[in-house]
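These are the residues of each chain, in order.
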Amino acid sequence: SFMPLTLIALNGVAPADTGAASGLVNVMQQLGGALGLAVLVTVFGAASKNQARTRIPGLSAAAESRHDLAGAIATSFLASTAFLVVNLLVVVLLLGRRRYSPAAS
């Protein structure tokens, strides 16, 4: 989704301002990636804490640890999937509204 969002962000920017606009887009992508990772790590931590509270009778300590890890990973993947769906919706909605037209040289 980086390319469509970059095209949307840089659409209509004057040729003299493309360098600054491109730098701003890169900064926002880096911030978004860092923030997204922080959210997913927080989701993983909360999910692993919640998984550790529930115990399944008859499992060894190692099996319980693996079960807790698998549950936390599954929850993190679910949150990541939600991010991807929202990202897809943003791209589709923005591309539908604004058509890319290359700036005249």
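Calculation rules
- Residues numbered from 1 in each chain as written.
- Predicted model: local features only at pLDDT ≥ 70, side-chain atom pairs only at ≥ 80, totals over all residues.
- Heavy atoms only, no water.
- Helix = DSSP H or I, 4+ residues; strand = E, 2+ residues; numbered from the N terminus.
- Polar contact = N/O pair within 3.5 Å; in protein donor to acceptor, adjacent residues only side chain to side chain.
- Buried < 20%, exposed > 50% of the residue type's maximum accessible area, 1.4 Å probe, protein only.
- Expected span 1.5 Å × (residues − 1).
- Salt bridge = Lys/Arg side-chain N within 4 Å of Asp/Glu carboxyl O.
- pLDDT = per-residue confidence, 0-100.
- Contact = heavy atoms within 4.5 Å.
- Patch = residues over 30% accessible without salt bridge, like charges linked within 9 Å, V, L, I, M, F, W, Y side chains within 5 Å.
- Areas by Shrake-Rupley, 256 points an atom, 1.4 Å probe, with all protein chains shown as cover.
- Axes fitted to C-alpha atoms, helices over the stretch in contact; angles between N-to-C directions.
- Parallel < 35°, antiparallel > 145°, perpendicular 65-115°, else oblique.
- Left-handed = near helix turned anticlockwise from the far one by under 90°.
- Nonpolar A, V, L, I, M, F, W, Y, C, P; charged D, E, K, R; others polar.

Engineer: Give me the side chain of Thr-6: which residues, what numbers.
Structural biologist: Among the structural elements, Thr-6 can be located in helix H1 (residues 2-10). Only 3.2 Å separates the side chain of Thr-6 from the side chain of Gln-29, close enough to count as a polar contact.

Engineer: Tell me about the environment of Ser-80, residues and numbers included.
Structural biologist: Topologically, Ser-80 is positioned in helix H3 (residues 61-97). By relative accessible area, Ser-80 is classed as partly exposed at 23%. Between the alpha carbons of Ser-80 and Leu-40 there is a distance of 7.1 Å; along the sequence they are 40 residues apart.

Engineer: Please set out helix H2 (residues 18-53) residue by residue, giving values where relevant.
Structural biologist: In this model, H2 (36 residues) spans 52 Å end to end at C-alpha, consistent with the 52 Å of a helix rising 1.5 Å per residue. All of the buried residues in H2 are Ala-21, Val-25, Gly-36 and Ala-47.

Engineer: Explain the pattern of salt bridges to me, and be specific about the residues and the numbers.
Structural biologist: If you walk through the whole model with that rule in mind, you get 2 salt bridges. Of the charged contacts, one joins Asp-68 and Arg-55 as a salt bridge, the two residues approaching to 3.3 Å between their closest N and O atoms. With Asp-68 in helix H3 and Arg-55 in the loop between H2 and H3, this residue pair connects regions lying 13 residues apart in the sequence. Of the residues examined, Asp-68 reaches a relative accessible area of 11% and is grouped as buried. Overall, the relative accessible area of 43% leaves Arg-55 in the partly exposed class. Here the salt bridges share partners, and the residues they tie into one network are Arg-55, Glu-64 and Asp-68.

Engineer: Break down the confidence of the model for the protein chain for me, citing the residues and quoting the values.
Structural biologist: Here the protein chain shows a mean pLDDT of 86. Residues at 70 or above account for 91%. Mean pLDDT across the elements of the protein chain bottoms out in H1 (80) and peaks in H2 (91).

Engineer: Pulling in residues and values, what's your account of the environment of Ser-76?
Structural biologist: Among the structural elements, Ser-76 can be located in helix H3. Aside from chain neighbours lying at most four places away, what touches Ser-76 is Leu-40, Val-43 and Phe-44.

Engineer: Got a sec to walk through a nonpolar patch on the surface? Specific residues and values, please.
Structural biologist: On the surface, a cluster of nonpolar side chains totalling about 390 Å² of accessible area is made up of Leu-24, Val-27, Met-28 and Leu-31. Mapped onto the secondary structure, Leu-31 falls in helix H2.

Engineer: Please set out the packing of H1 against H2 residue by residue, giving values where relevant.
Structural biologist: Remark: H1 packs on H2, axes separated minimally by 10 Å, with the N-to-C direction vectors making an angle of 140°. As far as their axial angle goes, H2 and H1 are oblique. Judged by the twist between their axes, the crossing of H1 over H2 is right-handed. Contacts between H1 and H2 involve Phe-2, Thr-6, Ala-9 and Leu-10 on the former and, on the latter, Ala-21, Ser-22, Val-25 and Gln-29. Tallied by class, residues from the contact of H1 with H2 come to 5 nonpolar, 3 polar and no charged.

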